[in-house]
Structures are given as structure tokens and as C-alpha cells.
Amino acid sequence: MKTSNNDTEKDIANNIKTVSYTSDADGNQKPVSGSYWQPVNVVNHQAWREIEKQIENSKEKIRAGRVSCLHYYMTANQMSVGLLASYTGQSSLLVRLHLLPFIFTRLRRETLQIYADLFKIEVEDLIEGILKPPLYQQGENGKVQGNRNID
Amino acid sequence: MINFPHTQSAHCESGVAANLMGEKNIPMTEAMAFGLGAGLFFGYFPFIRINGLPLVTYRAAAGQILKRIGQINGVKITEKRFRRPDQAMTALDQAIENGIPVGLQTGVFWLPYFPRALRFHFNAHNLVVYGKEGDEYLISDPVFPTPVRCHAKDLARARFASGALAPKGKMYYVAEVPEKIERRPLIIGGIRSVCKMMLGSPFPLIGIRGIRFMANRLAKWPERLGKERADLHLGHVVRMQEEIGTGGGGFRFMYSAFLQESGKELDEPALLESASALTASGDRWRQFAVMAARICKDRPRQGDSYDVMADMIRECASFEEKVFEELNRWLKQ
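Draft legend 1. Here's a closer look at the overall build of chain B. Each helix and strand in chain B was counted, giving ten helices and eight strands. For chain B, the C-alpha radius of gyration of 20 Å lies close to 20 Å, the compact-globule estimate for 333 residues. Projected onto the principal axes, the alpha-carbon positions of chain B cover approximately 60 × 50 × 30 Å. The 333 residues of chain B split such that 59% are buried. Summed over its atoms, the accessible surface of chain B is roughly 13500 Å², and 50% of this surface lies on carbon and sulfur atoms.

Draft legend 2. Seen up close, unusual backbone geometry. Residues other than glycine seldom take positive phi values, yet Gln78 of chain A does so here, at roughly 55°. Its place among the elements puts Gln78 of chain A in the loop between helix H2 (69-76) and helix H3 (81-88). Of note, Asn25 of chain B is a non-glycine position whose phi angle comes to about 65°, a positive value. Note that Asn25 of chain B resides in the loop between helix H1 (12-23) and helix H2 (30-36).

Draft legend 3. Just the environment of Val174 of chain B, in detail. Residue and element names in this part refer to chain B. With respect to the helices and strands, the residue Val174 is situated in strand E8 (residues 171-176). Spatially, the C-alpha atoms of Val174 and Val102 are 8.2 Å apart, while their sequence positions differ by 72 residues. Apart from the residues lying within four places of it in its own chain, the contact partners of Val174 are Leu20, Met21, Lys24, Lys76 and Ile77.

Draft legend 4. Representation of the interface of chain A and chain B. Chain A puts 47 residues into the contact, and the matching count from chain B is 49 residues. With both chains or domains summed, chain A and chain B bury close to 4100 Å², and 58% of this area falls on carbon and sulfur atoms. At the junction of chain A and chain B, the tally comes to two salt bridges. Across the chain A-chain B interface, the total number found is 17 residue pairs in polar contact (both at pLDDT 80 or more). Contributions of two or more residues to the side of chain A that touches chain B are made by strand E1 (18-23), strand E2 (29-34), helix H1 (38-63), H3 and helix H6 (109-119) of chain A. The leading source of residues in the side of chain A that touches chain B is H1 of chain A, at twelve residues. Considering only residue class, the side of chain A that touches chain B consists of 22 nonpolar, 18 polar and seven charged.

Draft legend 5. Broad picture of the side chain of Gln29 of chain A. Here Gln29 of chain A lies in strand E2. For Gln29 of chain A, a relative accessible area of 5% puts it in the buried group. A distance of 3.2 Å separates the side chain of Gln29 of chain A from the side chain of Thr279 of chain B, its partner in a polar contact.

Draft legend 6. Fine view of the packing of aromatic side chains. With the rule as written, the count across this model stands at 20 aromatic pairs over all chains. Look at Tyr136 of chain A and Phe109 of chain B: their rings are 6.0 Å apart centre to centre, the planes differ by 75°, and that puts the pair in the edge-to-face class. Taken as a pair, Tyr136 of chain A in the segment after helix H7 (123-128) and Phe109 of chain B in the loop between strand E4 (102-106) and strand E5 (125-133) lie in two separate chains rather than in one. For Phe109 of chain B, a relative accessible area of 1% gives the class buried. Aromatic pair Phe34 of chain B and Phe251 of chain B: ring centres 5.4 Å apart, planes at 10°, arrangement stacked. You can see Phe34 of chain B sitting in helix H2 and its partner Phe251 of chain B sitting in the loop between helix H7 (207-242) and helix H8 (252-266), a full 217 residues away along the chain. The class of Phe251 of chain B is buried, set by a relative accessible area of 4%. One aromatic cluster is present, built from ring pairs that chain together Trp48, Tyr87 and Tyr136 of chain A together with Phe109, Trp110 and Phe120 of chain B. Lying across the ring of Phe102 of chain A, Arg106 of chain A places its NZ or CZ 4.0 Å from the centre. Over the face of the ring belonging to Phe120 of chain B we find Arg239 of chain B, whose NZ or CZ atom lies 5.0 Å from the ring centre.

Draft legend 7. Geometry of the pattern of salt bridges. Taken as a whole and assessed by the stated rule, the structure comprises 27 salt bridges over all chains. Here Asp24 of chain A and Lys30 of chain A are joined by a salt bridge, their closest N and O atoms 3.2 Å apart. Residue classification places Lys30 of chain A among the partly exposed residues on the basis of a relative accessible area of 41%. With its nearest N and O atoms 3.3 Å apart, the salt bridge here joins Asp93 of chain B to Lys132 of chain B. Placement of Asp93 of chain B in helix H4 (residues 85-97) and of Lys132 of chain B in strand E5 is noted, with a sequence separation of 39 residues between them. Given the relative accessible area of 35%, Lys132 of chain B is considered partly exposed. Connected through shared salt-bridge partners, Glu50 and Lys53 of chain A together with Glu228 of chain B make up one network.

Draft legend 8. Highlighting H8 of chain B. Residues and elements named next belong to chain B. In this model, H8 (15 residues) spans 21 Å end to end at C-alpha, consistent with the 21 Å of a helix rising 1.5 Å per residue. Counting buried positions over the 15 residues of H8 gives twelve, a clear majority of the element. Within H8, the full set of buried residues consists of Arg252, Phe253, Met254, Tyr255, Ser256, Ala257, Phe258, Leu259, Gln260, Ser262, Gly263 and Leu266. At the exit of H8 stands Asp267, carrying a positive phi of roughly 55°.

Rules of the game
Residues numbered from 1 in each chain as written. Chains lettered and ligands numbered in written order. Predicted model: local features only at pLDDT ≥ 70, side-chain atom pairs only at ≥ 80, totals over all residues. Heavy atoms only, no water. Helix = DSSP H or I, 4+ residues; strand = E, 2+ residues; numbered from the N terminus. Rg over C-alpha atoms; globule rule 2.2 N^0.38 Å. Buried < 20%, exposed > 50% of the residue type's maximum accessible area, 1.4 Å probe, protein only. Areas by Shrake-Rupley, 256 points an atom, 1.4 Å probe, with all protein chains shown as cover. Contact = heavy atoms within 4.5 Å. Buried area = accessible area lost by both parts, 1.4 Å probe. Salt bridge = Lys/Arg side-chain N within 4 Å of Asp/Glu carboxyl O. Polar contact = N/O pair within 3.5 Å; in protein donor to acceptor, adjacent residues only side chain to side chain. Nonpolar A, V, L, I, M, F, W, Y, C, P; charged D, E, K, R; others polar. Phe/Tyr/Trp six-rings, centres within 6.5 Å; stacked < 30°, edge-to-face > 60°. Lys NZ or Arg CZ within 6 Å of the ring centre and 35° of its normal. Expected span 1.5 Å × (residues − 1).

Put into C-alpha cells, the structure is as follows:
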């Protein structure tokens, strides 16, 4: 498609230059490096807004005491119960139980450690219910990266 | 250290295939790898859900391109999977030490060098490891402009990502290549395979029938799901079509590049014609995406609606039906 993209809407991929195929004047398709095609940006933002919404919902539920803080970490890292179960080598049922505050507060340290390792957080965070950012927002040394340009 | 020719490409699997072959002195463009690997496809599978949204795919199943390239006469691609991360990482280290660039299947979510916004749980991302410095691996990730680095711990995680398409530490390398590859039969084989998938599927969710099926479904989304869910579904379709790795237009432009290259190489004008027709279809897909983006953004223009979009997709279906029927005719010559 013959498009030159001058739209400067914030690029969701950190302005990474990706390749896409574009036809030149003679109609030859050529791989061309350029930044993100704008409509993709729109739908990517949409997908992330949905995730943010789920995260907010999860925080809400935690405040209301309906789920444990594990629910936040699961949601923020875009995992389902099944996925979290397979990453931690436990059954889905067990993970489901751990989402209940009553059971979660009674978990052994070793069990919490499994979750802490997976999400790259401290066991204390889980015990005290501190909600740290998800993996994809942690810097290389676990530091939080600023300015999320999704929105 | 291995001197690995990193060429950026649109799609990870065809890019890795092309780069690995290039390293063995069999130059191949990404589009050619995509075509020989019969990468083009369409499938709409509402019973498989990704984050609660139906699976839409514009390309063949992950691994298919490499599989087909490995079946070329004289080419041998060795593939290994592992049970434990330490075994997998040791095998990787050994191969690199022996000067072999190694392709890996990984989960994008665990690769820190990826832009945050693209870190979804997608487990069929391909990359090539060509060196190691301390705890860091030197990686030629075909969708990135330059080589990148990744810590061993993160890479091990990525190789053992769980969920759909779990890589299970899969690594592969080109073990043998012939001196020369006779491309003509391979091109024909690749095109035949795609034609079969697009036209001849008895299953209504695949190929041209799949495109039409999705169009019919899409037209009903607003009343069936409500505006919000419908927009999410729509955005998802566009994402699968245009996301990093597709080369734009749901891989149609890339396949068109393959047809052009083949047409010139084999001196077959029929392929060139099919290429332009497929470009037209890709353009239509993109026009659909533009309208969809406006709707997702809640800024529809007059005349934007799900019905209109469904019609656009149906047009794509007829375009592509014609393209592949033409190609089929060419195959039978």
C-alpha cells in the first residue's frame, strides 16, 4: 500500500523501527523500515486500555477484600489461572484457592516464594500486599521505568 | 564469535529462516522464505480464545515455514526440545561454542528487550542466538533493526514459557545445506500448498471460506456483543492483521513480494499479475483496518459501520479467491 505515515501519535512500540512491505512506484513490494503504522497503534492502545481496566478492577476487588493480592499480580501480568498454574507447577484449583484472601494469608513462605520468583518481587510484598508493577514495567534491575506512553 | 548476517525482516519465522540460510551461503530474501515455507493462510477460530477473543490468523501455524524449508532436498535442520532449562541452556552454549548460530522459539512476554507494549503472552517468537558475552547472549532478533542482548536468566524463562504453543526449549540449526538449491520446484510446491489451504479446505473456517465466515460474524458483532465488546473483537482482528511481524496487510504484501520475486526469477508473467492482484487485496485489508481503527477510537466517519467493514472483508475474499484460482490454473500448466 502506498502510504507515507506522518502521523505523530505516540508510538506504542517505543518508536522501534519495524519493517513492513510497501510497493514502490513500479508496484514492486519491498521491505521498508519505518515506525508503526498508525491504525495498529490505535488498536494496540485499545488492547492496553482493556488490560489497565482489568488491573483497576482487580485492585478494586483487593480493596474490598474479595481477592488476595495475588490476583493483582496475575492480572497485571496478563495471566489466567491456568497459565499461572502451569508457570508455578501447581494445579489450577490450588491457584484458585490462593486467590482467596483467607487462604492466601495462611500460605507458607515457600509457596509465596514461588510466586515472588515468578513475578520478580519479594515475599514481603506478597505478605504485606504491596502492589508492585508487572514484569513488563520493571527495568533490568527491577526498577520501575517511568512514563508509560500507553494511553 | 560467529559473524552472523543480521537482516531485519517483518516476520520472525521467515526472517530467521532467511538469515540462517544466508549464513550458510544460500542467500534468500525473507519473502522468498515465507513463500517457500507456504506461510500465507487464513483461519478464524472462534472456539479458540486469546484473552477472551477469537483466534484470527493470517498465516500458517507457527513452525510451518521452518518445517518446509527443512524438507528441501539436501537441507537438514536439526531440532531439539528439552525437559529442563539447564539442559537447554547448556546445549545452546555448546552449539554457540562450536560456531553454530542457533534458532530458538521463545515467549515474547519474557524478553526484556522487547518494547513493553508488545509483551504479550505469545510463545512462538523466533530468534537466532549467535554469541555469548558473560551472562548475556547476543541475539539476532529479525524484527529488530540491530542485534540485541538478553540476560541468560531471561532467555531461559523465555525458552520455557508456558501456555499455548509452549516452546519447551525448542532450538534448531541448519546442519546441512546442498551446494545449490533449484528453486523452481520449491516455488511451485509452496504455491500449491497455499492454494490448497485457501481454496480447497472442506472446513468452513479456513481459507477463503474462513474470510467470508468471519465477515458474516463481524457484521453481527454489535448486536450480539454490544458496542464495547464488538469494538474489542474488531481491534483484535486488526491487531492480528497488522501487528509487528505481518509486514502489513495480514502478510498479503509479503506474499505478493514473494510472487513478484518468483515471477521475475522464473520469467513467469502470470505470477507477476497474481502479485498485483494480491497487493490489491492487501490494500483492501488495510482500508478495512483504517475504518476499524476509527471505530475503535470512537471517531467514526459517516458511512463507517460494521456492515460496511464486513463487505470490505468479503471483497478481500473475492479478490483472493480470484488470485488463488489464477495461481491454481498456472500450477496446472
